[in-house]
Amino acid sequence: MCTIGVLRFEDGSYGLFKNKDFARPSFDDQIVVERSVFGVSGLVTWAGSDAVVDDFSGFSIGANAEGLLCCDANVKTIPGYANYDDLVEIALRSSGGFVGAVEAVADAVALRPYNWGNLVLIDEDLAGGIEVRGDRIEAIVDDGPTIRTNHHIAFRATGDDDNTATSQPRLSTARRLIDSTGGLDGIHNLTRSHDGGSGGICVHGSHQTVYSYVLHHDGDGINLSVTQGSPCQTAAPRVLTLPLGKSWSIAGADGFREDYPSQRSSVPT
């Protein structure tokens, strides 16, 4: 189901977080590592339990060499509609940061309808969200943190959304916790939170948190803190520097793939 957000820190750096919640107890990511973009492959079949039929497309979370961070969360899947993960990849492969990403997503949605979803994104200057509903989008620029779960705010939630039970409580919990966070440690504590019991930010139930991610842009580069499995059960996330832009090298990209916590083969470039 996923809880996602972006925010700025007092030192001027900025970050993005995502808990990836799937209808299966465990999962192995597939990643894309290129000079200009990093992405965790999106999964059309995230609600299924049979890994043999996994259908990957787009990015569920990622960053680009211009410093744009972006990720998404499901709202409603509609047969025949395109995968909203494709829009995250489109946003990150566009140019012009936040503004260029919004324009690229709007252009894509004008061509065909997409499953309902929430995107959050942030760069050096702007932060906010994009709500995607079929052939429409609503882009929001926020001064403070932007948090989303599995319903729309500008378009409003509906009784037909895929998650009508935990989405609103998780949004309320995440908003409350984000107001009391102190830097990166606070964000990690948020991703481990069980406020609301098994339906908290760290999910244990019909859906499980299978990965937790925190991207942090500190001005010199972008670091990824990633946990495979429930973040509450891991002593510390694995911290990796994204080999993007001036930090790019083939050896660095190979090392990143080797260190990333996944048994699944990554997508080479």
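Here is a short report on the structure shown in this document. Please read these numbers as outputs of a predicted model, since none were measured by experiment.

### A few points about the side chain of S167
In step 1: Mapped onto the fold, S167 is located in helix α3 (residues 167-178).
In step 2: The exposure class of S167 is buried, given its relative accessible area of 1%.

### Section: helix α4 (residues 183-191)
In step 1: Of all the residues in α4, the buried ones are G186, I187, H188, L190 and T191.
In step 2: In the core, the buried residues of α4 are packed alongside β1 (3-8), β2 (14-22), α3, β11 (208-217) and β12 (222-228).

### Digging into the pairing of strand β4 (residues 37-43)
In step 1: The buried count for β4 comes to seven of seven residues, which makes it a mostly enclosed element.
In step 2: Here strand β3 (residues 31-33) runs beside β4; their pairing, made up of three bridges, is antiparallel. Paired with V32 across the bridge in β4 is G39.
In step 3: Between β3 and the antiparallel strand that follows it, β4, lie three residues.
In step 4: The pairing of β4 with strand β5 (residues 56-64) spans six bridges and is antiparallel. Within the sheet, the bridge partner assigned to V37 lies in β5 and is N64.

### Some points on the sheet that holds β3
Paired through their backbone hydrogen bonds, the strands of a sheet run either parallel or antiparallel.
In step 1: Strand order in this open sheet of seven strands is β3-β4-β5-β6-β7-β8-β9, and the pairing throughout is antiparallel. With partners counted over all chains shown, the strands left at the sheet margins are β3 and β9 (136-141), one partner each. Shown here is a sheet whose adjacent strand axes are inclined to one another by a mean of 25 degrees, direction ignored.
In step 2: As paired strands, strand β6 (residues 69-76) and strand β7 (residues 114-122) are joined by seven bridges and run antiparallel to one another. Within the sheet, the bridge partner assigned to C71 lies in β7 and is V120.

### Some points on a negative patch on the surface
In step 1: Residues E10, D11, D218 and D220 make up a contiguous surface patch of negative charge.
In step 2: Mapping D11 onto the fold places it in the loop between β1 and β2.

### Here we look at the side chain of D54
In step 1: Locating D54 in the fold gives a position in the loop between β4 and β5.
In step 2: One polar contact links D54 to R24, side chain to side chain, over a distance of 3.0 Å.
In step 3: In this structure D54 touches R24, F27, L43, T45 and R264, once residues within four positions along its chain are discounted.

### Some points on the nonpolar core
In step 1: F38, L215, L224, L242, F256 and Y260 are the most contacted members of the largest nonpolar core, which has 34 residues in total.
In step 2: Ranked by residues supplied to this core, first place goes to β11 with four residues.
In step 3: Those residues within four positions of L215 in sequence are excluded, and the remaining contacts are Y14, G15, L16, I61, G62, A63, L69, I222, N223, L224 and L242.
In step 4: By size, the runner-up hydrophobic cluster in this structure holds 21 residues, among which are V32, F59, L68 and V102.

### Some details on the packing of aromatic side chains
In step 1: Applying the stated rule across the entire model yields six aromatic pairs.
In step 2: Arranged with centres 6.2 Å apart and planes meeting at 40 degrees, the rings of F256 and Y260 form a pair that is tilted.
In step 3: F256 sits in the buried class, given a relative accessible area of 3%.
In step 4: Relative accessible area serves as the criterion here: at 3%, Y260 is assigned to the buried category.
In step 5: Here a set of aromatic residues connected by ring pairs shows up, and it is made of F38, Y211, Y213, F256 and Y260.
In step 6: Note that R8 overlies the ring of Y14, its terminal NZ or CZ placed 5.5 Å from the centroid.

Thresholds, definitions, all that
Residues numbered from 1 in each chain as written. Predicted model: local features only at pLDDT ≥ 70, side-chain atom pairs only at ≥ 80, totals over all residues. Heavy atoms only, no water. Helix = DSSP H or I, 4+ residues; strand = E, 2+ residues; numbered from the N terminus. Buried < 20%, exposed > 50% of the residue type's maximum accessible area, 1.4 Å probe, protein only. Contact = heavy atoms within 4.5 Å. Pairing = 2+ DSSP bridges. Axes fitted to C-alpha atoms, helices over the stretch in contact; angles between N-to-C directions. Patch = residues over 30% accessible without salt bridge, like charges linked within 9 Å, V, L, I, M, F, W, Y side chains within 5 Å. Areas by Shrake-Rupley, 256 points an atom, 1.4 Å probe, with all protein chains shown as cover. Salt bridge = Lys/Arg side-chain N within 4 Å of Asp/Glu carboxyl O. Lys, Arg positive; Asp, Glu negative; His and termini not counted. Charge placed at Lys NZ, Arg CZ, Asp CG, Glu CD. Polar contact = N/O pair within 3.5 Å; in protein donor to acceptor, adjacent residues only side chain to side chain. Core = buried A, V, L, I, M, F, W, Y, C linked by side-chain atoms within 4.5 Å. Phe/Tyr/Trp six-rings, centres within 6.5 Å; stacked < 30°, edge-to-face > 60°. Lys NZ or Arg CZ within 6 Å of the ring centre and 35° of its normal.

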